[in-house]
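# An overview of the molecular structure
Each chain is listed here by its residues.
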Amino acid sequence: MCRNIKTLYNFVPPATDQEIKAAALQYVKKISGFQKPSEVNLIAFETAIDEISAASKKLINGLSTSAAPKNREEEARQARIRSDKRFGRI
């Protein structure tokens with residue numbers, strides 16, 4: 001899985017359309033192998049991003065959980081700690 005795609009479900013505040021689209025973009029880049037498509041592939045690339053964004057939003061809105069929502073700041077802090085440990089900065 002692409003490391004740049006972050007979990008978007010069960011956060012307060014909920015994921016924005018912009019965050020969902022950014023995750024879809026990362027996914028399309030990963031599976032297509034293109035960082036930037038050529039003009040001939042641009043329509044297919046952008047269509048895939050839009051369709052994956054819509055499917056992702058539908059999925060997120062359709063899920064339910066009894067777990068308490070996660071705090072974005074706390075999750076980001078924990079990710080920084082894991083990164084610091086991983087790269088020996090602690």
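Residues numbered from 1 in each chain as written. Predicted model: local features only at pLDDT ≥ 70, side-chain atom pairs only at ≥ 80, totals over all residues. Heavy atoms only, no water.

## Re the overall build of the chain
Each helix and strand in the chain was counted, giving three helices and two strands. Its helices and strands taken in sequence order, the chain reads β-α-α-β-α from the N to the C terminus. For 90 residues, the compact-globule estimate of 2.2 N^0.38 gives 12 Å, and the C-alpha radius of gyration of the chain, at 16 Å, exceeds that figure by more than 25%. In terms of principal-axis extent, the alpha carbons of the chain reach across some 45 × 35 × 20 Å. The 90 residues of the chain split such that 18% are buried. Look at the contacts in the chain between residues 6 or more apart in sequence, and 66% of them connect residues 24 or more apart. Carbon and sulfur atoms make up 56% of the accessible area of the chain, which totals about 7,100 Å². (Helix = DSSP H or I, 4+ residues; strand = E, 2+ residues; numbered from the N terminus. Rg over C-alpha atoms; globule rule 2.2 N^0.38 Å. Buried < 20%, exposed > 50% of the residue type's maximum accessible area, 1.4 Å probe, protein only. Contact = heavy atoms within 4.5 Å. Areas by Shrake-Rupley, 256 points an atom, 1.4 Å probe, with all protein chains shown as cover.)

## Some remarks on the side chain of Ser 53
Position of Ser 53 among the secondary structure elements: in helix H2 (residues 39-62). If sequence neighbours within four positions are ignored, Ser 53 has contacts with Ile 20, Lys 21 and Ala 24.

## Thoughts on the packing of helix H1 (residues 17-32) against H2
Where H1 meets H2, the axes come as close as 8 Å, and the angle between the chain directions of the two elements is 125 degrees. Relative to H2, the element H1 is oriented oblique. For the pair H1 and H2, the crossing hand works out as right-handed. Along its contact with H1, which presents Asp 17, Ile 20, Lys 21, Ala 24, Leu 25, Tyr 27, Val 28, Lys 29 and Ser 32, the element H2 presents Phe 45, Ala 48, Ile 49, Asp 50, Ile 52, Ser 53, Ser 56, Lys 57 and Ile 60. Looking at the contact of H1 with H2 residue by residue, the classes come out as 10 nonpolar, three polar and five charged. (Axes fitted to C-alpha atoms, helices over the stretch in contact; angles between N-to-C directions. Parallel < 35°, antiparallel > 145°, perpendicular 65-115°, else oblique. Left-handed = near helix turned anticlockwise from the far one by under 90°. Nonpolar A, V, L, I, M, F, W, Y, C, P; charged D, E, K, R; others polar.)

## Overview of the environment of Lys 29
Relative to the helices and strands, Lys 29 resides in helix H1. Residue classification places Lys 29 among the buried positions, given a relative accessible area of 18%. Once the C-alpha coordinates of Lys 29 and Ile 49 are considered, the two residues, 20 residues apart in sequence, prove to be 9.3 Å apart. Leave out the neighbours within four places in its chain, and Lys 29 touches Phe 34, Gln 35 and Phe 45.

## Structural notes on the layout of surface pockets
In this structure, the second largest pocket occupies an estimated 300 Å³ of space. Considering the residues around the second largest pocket, the lining is formed by 15 residues, among which Ile 5, Lys 6, Leu 8, Ala 23 and Ser 56 are closest to the centre. Of all elements in the fold, only H1 and H2 reach the threshold of two or more residues within the lining of the second largest pocket. Across the lining of the second largest pocket, the residue classes tally to 12 nonpolar, two polar and one charged. (1 Å grid on protein atoms, 1.4 Å probe; cavity = no way out; pocket = protein on both sides within 12 Å on 5 of 7 lines; lining within 4 Å. Points joined across faces, edges and corners; volume = space filled by probe spheres on them.)

The analysis is restricted to geometry; functional conclusions fall outside its scope.
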